[in-house]
Amino acid sequence: MDFTLSADQTAFQDMAQRFAADRLAPGALDWDRRKHFPTDVLQEAGALGLGALYTREDVGGSGLGRLDAVLVFEALARGCPTIAAYISIHNMCVWMIDRFGTEAQRQRWCPALAGMADLASYCLTEPGAGSDAAALTTRAERDGTGWVLNGQKQFISGAGSSAVYVVMARSGGPGAKGVSAFLVPRDAPGLSFGANEYKMGWNAQPTRSVLFEDVRLEGDALLGAEGKGFGIAMAGLDGGRINIAACSLGGAGAALDRAVAYMAERRAFGQRLNQMQALQFRLADMSIALEAARTFLWRAAAALDAKAPEATTLCAAAKKFVTDACFDIANDALQLHGGYGYLADYGMEKIVRDLRVHQILEGTNEIMRLIVARALIEAKP
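Residues numbered from 1 in each chain as written. Predicted model: local features only at pLDDT ≥ 70, side-chain atom pairs only at ≥ 80, totals over all residues. Heavy atoms only, no water.

### Things to note about helix H2 (residues 39-47)
Reasoning step 1: All of the buried residues in H2 are Val41, Leu42, Ala45 and Gly46. Projection of H2 onto a plane perpendicular to its axis shows the buried side chains occupying an angular sector of 150°, all on one side.
Reasoning step 2: Buried positions along H2 lie against helix H1 (7-34), helix H4 (81-100) and helix H5 (103-114). (Buried < 20%, exposed > 50% of the residue type's maximum accessible area, 1.4 Å probe, protein only. Helix = DSSP H or I, 4+ residues; strand = E, 2+ residues; numbered from the N terminus. Arc of directions from axis to C-beta. Contact = heavy atoms within 4.5 Å.)

Structure follows, in structure tokens:
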């Protein structure tokens, strides 16, 4: 496997790094404080092709691969993990419509989503169905040629701001085979939203519940075949997991850079912190962990690009390993700043707060371990 980036990969990685430095980093702390969702900046990202990285080009996508995408998300997260993570979720939704939608659905939704003039939200989790996603209870009942949805989704990123909601609902019996996927437009009668949640991190993107009260949909709102919604949701999450891991990489990389810079300036006991061997070892361990995480993530992304049979397992394993390692790196970077790391103005505590949720969403890291364990147990000797 060649770990050298191509000229094209280097070019769009550089573009994402410039956008992160010029348009994300300068506003990140202010957006976090004000709980402001910078939709104007998202539209700028869309104009650069960042809204539909691995969606096909005929509907406005960039047509890139999954390894290409993780390079972009890592670069964006160096500027703001919160906004990079939302862009990753949006990309997942656009790809699901492109991959599983009809031609009419692709043409209706993808072009505006690709440019991020419209935004998308992924609606799987419910108040009583998180890790046990197949136990969801939001109902989709047939009504003539259409459908009626009732239920509630929880912890939905972008809710209230998005133009379309990719909703998994129960159209049949219990379990995964009874779930179908639907595209619900923002203006659907009966669709409403809860209050914006007060959160530890990710304050620059809204997180709200989505409520369905007799939401009537036409038959063409069904995404994919009836009863295939759970598989569609899981296919989206393969990419979503490596995307969110890439956002952890970017945040941890930024934290490490700040720690290195701080230790070059800060003096204690008559010398700079970076001259103390114990702290040098700490930096070395952080750098080694970051590089190991990046290598593992690239392996998983390459497997997903190749449609390898082990891709789902590798994506789950990489998500668990990378998000755990990167949270630890960011937390260690804060520690190396001492009391200053705890101050909001330094930006370190924001990175720690933002990366913590990456160990929970897109499937908790406990569920990632379960996926890996099941693959081992079910493998043929």
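### Quick look at the pattern of salt bridges
Reasoning step 1: Per the stated rule, a full pass over the model turns up 20 salt bridges.
Reasoning step 2: Residue Asp143 pairs with Arg216 through a salt bridge whose shortest N-O separation is 2.5 Å. You can see Asp143 sitting in strand E2 (residues 139-143) and its partner Arg216 sitting in strand E7 (residues 207-217), a full 73 residues away along the chain.
Reasoning step 3: By relative accessible area, Asp143 is classed as partly exposed at 39%.
Reasoning step 4: Between Arg294 and Glu291 there is a salt bridge, and its shortest N-O distance comes to 2.9 Å. Of this pair, Arg294 and Glu291 are both found in helix H7 (residues 277-305), three residues apart, which corresponds to roughly one turn of the helix.
Reasoning step 5: Residue Arg294 is classed as buried on the basis of its relative accessible area of 15%.
Reasoning step 6: On the basis of relative accessible area, Glu291 is assigned to the partly exposed category, the value being 43%.
Reasoning step 7: Here the salt bridges share partners, and the residues they tie into one network are Arg56, Asp58, Asp98, Glu103 and Arg106. (Salt bridge = Lys/Arg side-chain N within 4 Å of Asp/Glu carboxyl O.)

### What about a nonpolar patch on the surface?
Reasoning step 1: The grouping of Tyr340, Leu343 and Tyr346 at the surface amounts to a nonpolar patch, some 270 Å² of accessible area in total.
Reasoning step 2: Position of Tyr346 among the secondary structure elements: in the loop between helix H8 (311-336) and helix H9 (348-356).
Reasoning step 3: Residue classification places Tyr346 among the partly exposed residues on the basis of a relative accessible area of 38%. (Patch = residues over 30% accessible without salt bridge, like charges linked within 9 Å, V, L, I, M, F, W, Y side chains within 5 Å. Areas by Shrake-Rupley, 256 points an atom, 1.4 Å probe, with all protein chains shown as cover.)

### A few points about the packing of aromatic side chains
Reasoning step 1: Per the stated rule, a full pass over the model turns up eight aromatic pairs.
Reasoning step 2: Centre to centre, the rings of Phe3 and Trp298 are 6.3 Å apart; their planes meet at 20°, and the pair counts as stacked. On the criterion of sequence distance, the pair formed by Phe3 in the segment before H1 and Trp298 in helix H7 is long-range, its members being 295 residues apart.
Reasoning step 3: Centre to centre, the rings of Trp95 and Phe100 are 5.7 Å apart; their planes meet at 85°, and the pair counts as edge-to-face.
Reasoning step 4: Through a chain of ring-to-ring contacts, three or more aromatic side chains come together here, namely Tyr262, Tyr340 and Tyr346.
Reasoning step 5: The ring of Phe327 has Arg356 sitting right over it, with the charged end atom 5.9 Å from the ring centre. (Phe/Tyr/Trp six-rings, centres within 6.5 Å; stacked < 30°, edge-to-face > 60°. Lys NZ or Arg CZ within 6 Å of the ring centre and 35° of its normal.)

### Some words on the packing of H1 against H2
Reasoning step 1: Two elements in contact, H1 and H2, have axes whose closest approach is 11 Å; the angle formed by their N-to-C orientations is 165°. Taken together, the axes of H1 and H2 are roughly antiparallel relative to one another. The handedness of the crossing between H1 and H2 comes out as left-handed. Contacts between H1 and H2 involve Phe19, Arg23, Leu24 and Trp31 on the former and, on the latter, Val41, Glu44 and Ala45. (Axes fitted to C-alpha atoms, helices over the stretch in contact; angles between N-to-C directions. Parallel < 35°, antiparallel > 145°, perpendicular 65-115°, else oblique. Left-handed = near helix turned anticlockwise from the far one by under 90°.)

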